[in-house]
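# Observations on chain architecture
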Amino acid sequence: MIAVLVATVVTALTVKAAQAEDVEVTTQQLDKHIYVLFGRGGNIAAHVGADGTYIIDDQFAKLAPQIKAKLKELNPNAAEFVLNTHYHDDHTGGNEVFAQAGAHVIAHHNVHKRLEEKHGAGSEFLPRLSFGDDLTLHFNGEHARLVHYASAHTDGDAVVFFSDANIVHMGDIYFNTGGLPFVDVDGGGSIEGILAALQSVLAQIDDNTQVIPGHGPISDKAGLMRYQASVAKAKALMLKAMAKEQTLDAVIAADPFAELNLKYADWLPKERVITLFYRSLGGKEVQP
Ligand SMILES: [Zn+2]
C-alpha cells in the first residue's frame with residue numbers, strides 16, 4: 001500500500017517537473033537595452049544596462065528559475081525592479097520569488113488591492129510601490145513611463161512607454177494571438193476601456209514602433225490597428241446580436257463573431273469570449 005502511494009507521489013512529482021521543464025524560455029532582443037522573454041504566460045520584457053536589470057511581468061513562480069537564468073545571461077545582477085502590467089497570475093506569479101531575491105515590485109494601486117485580496121496583506125506578491133495615473137522609472141539612462149488605462153483588460157492595466165527605445169509594452173490590452181481580448185469584467189475590465197486604450201496608444205506610436213503584446217509574438221502599429229479594428233467590429237456585432245436576441249444563450253447560439261474567423265485558446269473558449277463581451281456591453285446573464 002505504502003509502496004503504491006510512494007510510486008504515485010513520485011510519478012505525480014515527475015510529471016509536474018516534466019511540465020515545468022517542457023517550457024523553454026526564449027529571448028528576443030528588440031533594442032540595445034530591451035529584450036523579450038517568451039515562456040508560458042505573459043510576455044516578459046527585460047531592460048538591461050549599466051544600472052542593472054528590471055523586468056516587466058514575471059509569468060509563473062515555477063518558471064522563475066529559468067527566467068532568472070536567462071536574465072543572468074544578459075546581466076550578472078539580479079532584477080532590481082519588477083513592473084506588473086496587471087494583476088493576473090500569468091503576469092505576477094513570479095513576484096514573490098523575485099521580491100525574495102531583492103527586487104521591488106511596482107504596479108497600479110488596483111493591482112496592489114487585487115493581489116492583497118488574493119494573497120493577503122504583507123505578502124511578497126504585492127507591489128512595494130503602487131501608483132495612480134502614471135509613474136516613471138529612471139534607470140539604465142532611460143525613462144520608462146507606466147501609464148494607467150482605466151477599466152481596460154482589468155482595472156489596473158499599465159502600458160509601458162520608453163523615452164529612447166521606440167517600444168511599447170501593452171500587457172494584456174493586446175492579445176496578439178489571432179483572437180479577441182479577454183475582457184476581465186469581474187476584474188474591472190471593459191470593451192470600451194480596451195478600445196479607448198488602443199486608440200490612445202495608437203496615437204502615440206509610429207510605423208517603426210515595436211509593440212510587445214501581453215501574449216503572442218512582437219507586433220507593430222499595423223498589427224495593433226488590425227486588432228483594434230477586430231475588437232471594434234466584434235463590439236458592433238455583439239450590440240447587433242443583443243438588439244435581436246433576448247437572452248445570453250440566444251446570443252451564444254447566434255454565434256455573433258463567426259464572420260471574424262477568430263482563434264480561441266483552450267482557457268478562453270468562444271462561449272466565454274461571447275459572454276464577457278455581452279456582460280461588458282450591459283447584457284444581463286439572468287433575465288428578469
Ligand atoms: Zn491578463
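Residues numbered from 1 in each chain as written. Predicted model: local features only at pLDDT ≥ 70, side-chain atom pairs only at ≥ 80, totals over all residues. Heavy atoms only, no water.

## What about the overall build of the protein chain?
Of regular secondary structure, the protein chain possesses 9 helices and 12 strands. Relative to the globule expectation of 19 Å for 288 residues, the C-alpha radius of gyration of the protein chain, 20 Å, shows essentially globular dimensions. Here the C-alpha coordinates of the protein chain stretch approximately 65 × 60 × 35 Å along the principal axes. The buried share among the 288 residues of the protein chain stands at 50%. Across the protein chain, contacts joining residues at least 24 apart in sequence account for 59% of those joining residues at least 6 apart. Summed over its atoms, the accessible surface of the protein chain is roughly 13300 Å², and 53% of this surface lies on carbon and sulfur atoms. Seen as two clouds, the 23 positive and the 35 negative side-chain charges of the protein chain have centres 4 Å apart. (Helix = DSSP H or I, 4+ residues; strand = E, 2+ residues; numbered from the N terminus. Rg over C-alpha atoms; globule rule 2.2 N^0.38 Å. Buried < 20%, exposed > 50% of the residue type's maximum accessible area, 1.4 Å probe, protein only. Contact = heavy atoms within 4.5 Å. Areas by Shrake-Rupley, 256 points an atom, 1.4 Å probe, with all protein chains shown as cover. Lys, Arg positive; Asp, Glu negative; His and termini not counted. Charge placed at Lys NZ, Arg CZ, Asp CG, Glu CD.)

## Focus on the packing of aromatic side chains
Applying the stated criterion across every chain yields a total of 6 aromatic pairs. Ring geometry for Phe182 versus Trp267: centroids 5.5 Å apart, planes at 85 degrees, classification edge-to-face. Of the two residues, Phe182 is situated in the loop between strand E11 (167-169) and helix H6 (191-202) and Trp267 in the loop between helix H8 (248-254) and helix H9 (270-280); the sequence distance between them amounts to 85 residues. We classify Trp267 as partly exposed; its relative accessible area is 44%. Grouping aromatic residues by their ring pairs yields a cluster made of Tyr54, Phe81 and Phe139. The cationic tip of Lys68 hangs over the ring face of Phe98; the distance from NZ or CZ to the ring centre is 5.9 Å. (Phe/Tyr/Trp six-rings, centres within 6.5 Å; stacked < 30°, edge-to-face > 60°. Lys NZ or Arg CZ within 6 Å of the ring centre and 35° of its normal.)

## Observations regarding the coordination of the zinc ion
Only His86 (NE2), His88 (ND1), His153 (NE2) and Asp172 (OD) from the protein coordinate the zinc ion, and they sit 2.1 to 2.3 Å from it. Around the zinc ion sit 4 donor atoms; with metal-centred angles ranging over 85 to 169 degrees, the donor geometry is irregular. Linear spacing of the donor residues for the zinc ion on their chain is H-x1-H-x64-H-x18-D. Given the relative accessible area of 0%, His86 is considered buried. (Donors = N, O, S within 2.8 Å, 3.2 Å for Na, K, Ca; no water. Tetrahedral: all angles 85-135°; square planar, octahedral: opposite > 155°, others 65-115°.)

## Digging into the pairing of strand E8 (residues 134-139)
Strand residues, when the strand is regular, have side chains that alternate between the two faces of the sheet. As paired elements, E8 and strand E9 (residues 142-149) share 6 bridges and run antiparallel to each other. Within E9, the residue paired with Thr136 across the bridge is Arg145. (Pairing = 2+ DSSP bridges.)

## Observations concerning the pattern of salt bridges
Counted under the stated rule, the structure contains 7 salt bridges. Note that Arg279 is salt-bridged to Asp186, the shortest N-O span being 2.7 Å. Within this pair, whereas Arg279 is found in helix H9, its partner Asp186 is found in the loop between E11 and H6, the two being separated by 93 residues in sequence. Among the residues examined, Asp186 registers a relative accessible area of 56% and is labelled exposed. The partner of Glu259 in a salt bridge is Lys233, and the shortest N-O contact between them spans 3.6 Å. Residue Glu259 is located in the loop between H8 and H9, and its partner Lys233 is located in helix H7 (residues 221-244); the two are separated by 26 residues in the primary sequence. On the basis of relative accessibility, which here comes to 53%, the residue Glu259 falls in the exposed class. (Salt bridge = Lys/Arg side-chain N within 4 Å of Asp/Glu carboxyl O.)

## Digging into the side chain of Gln59
Tracing the chain through its elements places Gln59 in the loop between strand E4 (52-56) and helix H2 (64-74). There is a polar contact of 3.2 Å between the side chain of Gln59 and the backbone nitrogen of Arg40. (Polar contact = N/O pair within 3.5 Å; in protein donor to acceptor, adjacent residues only side chain to side chain.)

## With respect to the packing of H6 against H7
Axis separation between H6 and H7 bottoms out at 10 Å; the angle between their running directions is 155 degrees. In terms of orientation, H6 and H7 fall into the roughly antiparallel class. In this structure, H6 meets H7 at a crossing whose hand is left-handed. Residues Ile191, Glu192, Leu195, Leu198, Gln199, Val201 and Leu202 of H6 pack against Lys221, Leu224, Met225, Tyr227, Gln228, Val231, Ala232 and Lys235 of H7. Of the residues in the contact of H6 with H7, the class split is 10 nonpolar, 2 polar and 3 charged. (Axes fitted to C-alpha atoms, helices over the stretch in contact; angles between N-to-C directions. Parallel < 35°, antiparallel > 145°, perpendicular 65-115°, else oblique. Left-handed = near helix turned anticlockwise from the far one by under 90°. Nonpolar A, V, L, I, M, F, W, Y, C, P; charged D, E, K, R; others polar.)

## Focus on the UniProt feature "domain: Metallo-beta-lactamase" (unreviewed entry) in the protein chain
Mapped onto the present numbering, the UniProt feature "domain: Metallo-beta-lactamase" (unreviewed entry) falls at residues 42-215. As a span, residues 42-215 carries 25% helix and 29% strand, and end to end its C-alpha atoms are 5 Å apart. (UniProt positions renumbered as here; feature names shortened; annotations may be inferred.)

## Quick notes on the pairing of strand E6 (residues 104-108)
Burial runs high along E6: 4 of the 5 residues are buried. Where strand E5 (residues 79-83) meets E6, 3 bridges bridge the pair, whose relative direction is parallel. Following the sheet pairing, Phe81 is matched in E6 by His104. Pairing of E6 with strand E7 (residues 129-131), which is carried by 3 bridges, proceeds in the parallel orientation. When the sheet's bridge partners are listed, Ala107 is paired in E7 with Ser130. With helix H5 (residues 109-119) bridging E6 and the parallel E7, this β-α-β connection has right-handed handedness. (Right-handed = clockwise from strand over helix to strand, strands pointing away.)

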